[in-house]
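# Observations on the three-dimensional arrangement
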Amino acid sequence: MKKISAAILAVSLAVSSAAALTSSAESDDSYSPGFYFKAQPSEDFQILHSGRAYLDTSNAKSDNPTLNVNAYITDEKELVGGFVAKWSGSEGVTLDNLKSPKDVYGVLPYTPDEEYYDISLACDTEKGFISVNYPNMMIFPDQPDKKYAFALTGEKSDDYPFAIFDASLEKSADPGVYSINFHANGSGDRCNIIYKPSAKEIIDFVPTGDLIPSLYINVSDRALGDVNGDGDVDGSDSALALYAYAHANVADDVVDEAGMIAGDVDGSGDVDGSDASLILAYYANKATTELSLVDFIDTIVE
Ligand SMILES: [Ca+2]
Ligand SMILES: [Ca+2]
């Protein structure tokens, strides 16, 4: 907790030092930077077309299946000069093994002036709480030649995670949808981005909603697409997915939670006609393709 408090204090100091601080509510500037997660496929996790992760607990190799996740900032105009990102896992998700990009890749993603760089990363594994602070770099007005805004030095932000961490579940986890969520509410317990739309203006922005999408982890006790859990992915699974979609209010006794999770093969968050079609198309091509269901879907869905 000590590190987290230090991170909060650092940003408070940065904000109060800013010469011309404007709150986002008072500004008509419409720039909206945010954060997002991307999960990496691994032995126990598949990554669905939507970016959701999928875990089949019956086939997990580890007692604590572990998902490697990267956190990124969306900053298309490259105006951001500092931020605090905070997130936690839903019940059953343990966050751990937090690293900076320098730990992993040997470089920092934003490199205007490493001299001032003192990022802090804190992980409270008990509470499943992570806080990452890239301190405001725009607080040195006596050095106008310096470029204080972060500079993305790559072609796209996906090349540059600002933090890397693990999210693990128990192999015995109940089927359901788990998640990792950025903090949007509460003073001192929320995400915060400081950016500079013009030479004289600094904006303290709190990203919410679509600007900080959660990462979802779909957990089932059967393989993706095996809606009825008989060990195969075939036409009956497609039919069952379509039935569940058409009878959304009465399907619970026909398709259980694990089946509904397995049926959301594109990871949209729902089982619908698209999932039924994809399962059927995969089944029809099964004899002639070596692709997994996930890879097959990636080849035919935009
Ligand atoms: Ca089946
Ligand atoms: Ca779906």
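As shown above, the structure is provided for reference.
This report concerns the structure included in the present document. (Residues numbered from 1 in each chain as written. Chains lettered and ligands numbered in written order. Predicted model: local features only at pLDDT ≥ 70, side-chain atom pairs only at ≥ 80, totals over all residues. Heavy atoms only, no water.)

### Overview of the overall build of the chain
Regarding its fold elements, the chain presents six helices and 14 strands. The buried share of the chain, taken over its 302 residues, is 47%. Intrachain contacts of the chain at a sequence separation of at least 6 include 76% that bridge at least 24 residues. A total accessible area of about 14,700 Å² is found for the chain, and carbon and sulfur atoms account for 47% of it. (Helix = DSSP H or I, 4+ residues; strand = E, 2+ residues; numbered from the N terminus. Buried < 20%, exposed > 50% of the residue type's maximum accessible area, 1.4 Å probe, protein only. Contact = heavy atoms within 4.5 Å. Areas by Shrake-Rupley, 256 points an atom, 1.4 Å probe, with all protein chains shown as cover.)

### Concerning the pattern of salt bridges
Two side chains that carry opposite charge are able to pair once their charged atoms sit near each other. Here the structure, examined in full by the defined rule, presents two salt bridges. With a closest N to O distance of 2.9 Å, Asp221 and Arg222 form a salt bridge. Taking the shortest distance from any N to any O, the salt bridge between Arg222 and Asp256 comes out at 3.4 Å. Taken together, the residues Arg222 in the loop between strand 14 (215-220) and helix 3 (235-246) and Asp256 in the loop between helix 3 and helix 4 (257-263) connect sequence positions 34 residues apart. Arg222 gets classed as buried once you look at its relative accessible area, which sits at 13%. (Salt bridge = Lys/Arg side-chain N within 4 Å of Asp/Glu carboxyl O.)

### Description of the coordination of the calcium ion (ligand 1)
Those protein atoms acting as donors to the calcium ion (ligand 1) are Asp226 (OD), Asn228 (OD1), Asp230 (OD), Asp232 (O), Asp237 (OD) and Asp237 (OD), and they sit at 2.2 to 2.5 Å. If you look at the calcium ion (ligand 1), its six donor atoms make angles of 53 to 161° with each other, and the shape they trace is irregular. Here the donor residues of the calcium ion (ligand 1) share one chain and are spaced in sequence as D-x1-N-x1-D-x1-D-x4-D. By relative accessible area, which is 44% here, Asp230 ends up partly exposed. (Donors = N, O, S within 2.8 Å, 3.2 Å for Na, K, Ca; no water. Tetrahedral: all angles 85-135°; square planar, octahedral: opposite > 155°, others 65-115°.)

### Details of the coordination of the calcium ion (ligand 2)
The calcium ion (ligand 2) binds to the protein through Asp264 (OD), Asp266 (OD), Ser268 (OG), Asp270 (O), Asp275 (OD) and Asp275 (OD), with metal-donor distances spanning 2.3 to 2.6 Å. Coordination at the calcium ion (ligand 2) is irregular: its six donor atoms span angles of 52 to 158° at the metal. Between consecutive donors of the calcium ion (ligand 2), the numbers of intervening residues give the motif D-x1-D-x1-S-x1-D-x4-D.

### Notes on unusual backbone geometry
We note that Asn97 has phi near 60°; this positive angle belongs to a residue other than glycine. Here Asn97 is to be found in strand 7 (residues 94-99).

### Digging into the nonpolar core
The biggest cluster of nonpolar side chains holds 43 residues, and the ones touching the most others in it are Phe35, Trp87, Phe162 and Ile180. Excluding its chain neighbours within four sequence positions, the residues that come into contact with Ile180 are Phe37, Val69, Trp87, Ser88, Gly89, Val93, Leu95, Phe165, Ala167, Ser214, Leu215 and Ile217. Counting residues in each nonpolar core, the second largest holds 21 residues, with Ile261, Ala262, Val271 and Ile279 among its members. (Core = buried A, V, L, I, M, F, W, Y, C linked by side-chain atoms within 4.5 Å.)

### Focus: the pairing of strand 8 (residues 120-124)
Direction of pairing for strand 8 relative to strand 9 (residues 129-134): antiparallel, over a ladder of five bridges. Bridge assignment links Leu121 to a residue of strand 9, and that residue is Val132. What sits between strand 8 and strand 9 in their antiparallel hairpin is a turn of four residues, with Gly128 showing a positive phi close to 65°. (Pairing = 2+ DSSP bridges.)

### With respect to the sheet that holds strand 10 (residues 163-168)
In space, the four strands of this open sheet follow the order 2-5-10-7, with antiparallel pairing throughout. A strand with exactly one partner marks an edge of an open sheet, and here the two such strands are strand 2 (34-40) and strand 7. Averaged over all neighbouring strand pairs, the angle between strand axes comes to 30°, with direction disregarded. Direction of pairing for strand 7 relative to strand 10: antiparallel, over a ladder of four bridges. Paired with Lys99 across the strands is Ile164, a residue of strand 10. (Axes fitted to C-alpha atoms, helices over the stretch in contact; angles between N-to-C directions.)

### A word on the packing of aromatic side chains
Within this structure, the stated rule accounts for 16 aromatic pairs. Among the aromatic side chains, those forming a connected cluster through ring pairs are Phe35, Phe37, Phe83, Trp87, Tyr134, Phe162, Phe165 and Phe182. (Phe/Tyr/Trp six-rings, centres within 6.5 Å; stacked < 30°, edge-to-face > 60°.)

### Quick word on the packing of helix 3 against helix 5 (residues 273-285)
At their nearest, the axes of helix 3 and helix 5 sit 8 Å apart, and the two run at 175° to each other. Looking at the two axes, helix 3 sits roughly antiparallel to helix 5. Contacts between helix 3 and helix 5 pair Gly235, Asp237, Ser238, Ala241, Leu242 and Tyr245 from the former with Gly273, Ala276, Ile279, Leu280 and Tyr283 from the latter. Broken down by class, the residue content of the contact of helix 3 with helix 5 amounts to seven nonpolar, three polar and one charged. (Parallel < 35°, antiparallel > 145°, perpendicular 65-115°, else oblique. Nonpolar A, V, L, I, M, F, W, Y, C, P; charged D, E, K, R; others polar.)

### Quick notes on the pairing of strand 6 (residues 80-89)
Judged by how many residues are buried, strand 6 sits mostly within the fold: ten of ten residues are covered. As judged from the four bridges shared by strand 6 and strand 12 (residues 192-198), these two strands associate in the antiparallel manner. By the bridge assignment, Val80 is partnered in strand 12 with Tyr195. By the bridge criterion, six bridges tie strand 6 to strand 9 in an arrangement that is antiparallel. Paired with Ala85 across the two strands is Val132, which belongs to strand 9. Relative to strand 11 (residues 176-182), strand 6 is paired through three bridges, and the arrangement is antiparallel.

Coordinates in, geometry out; function isn't part of it.
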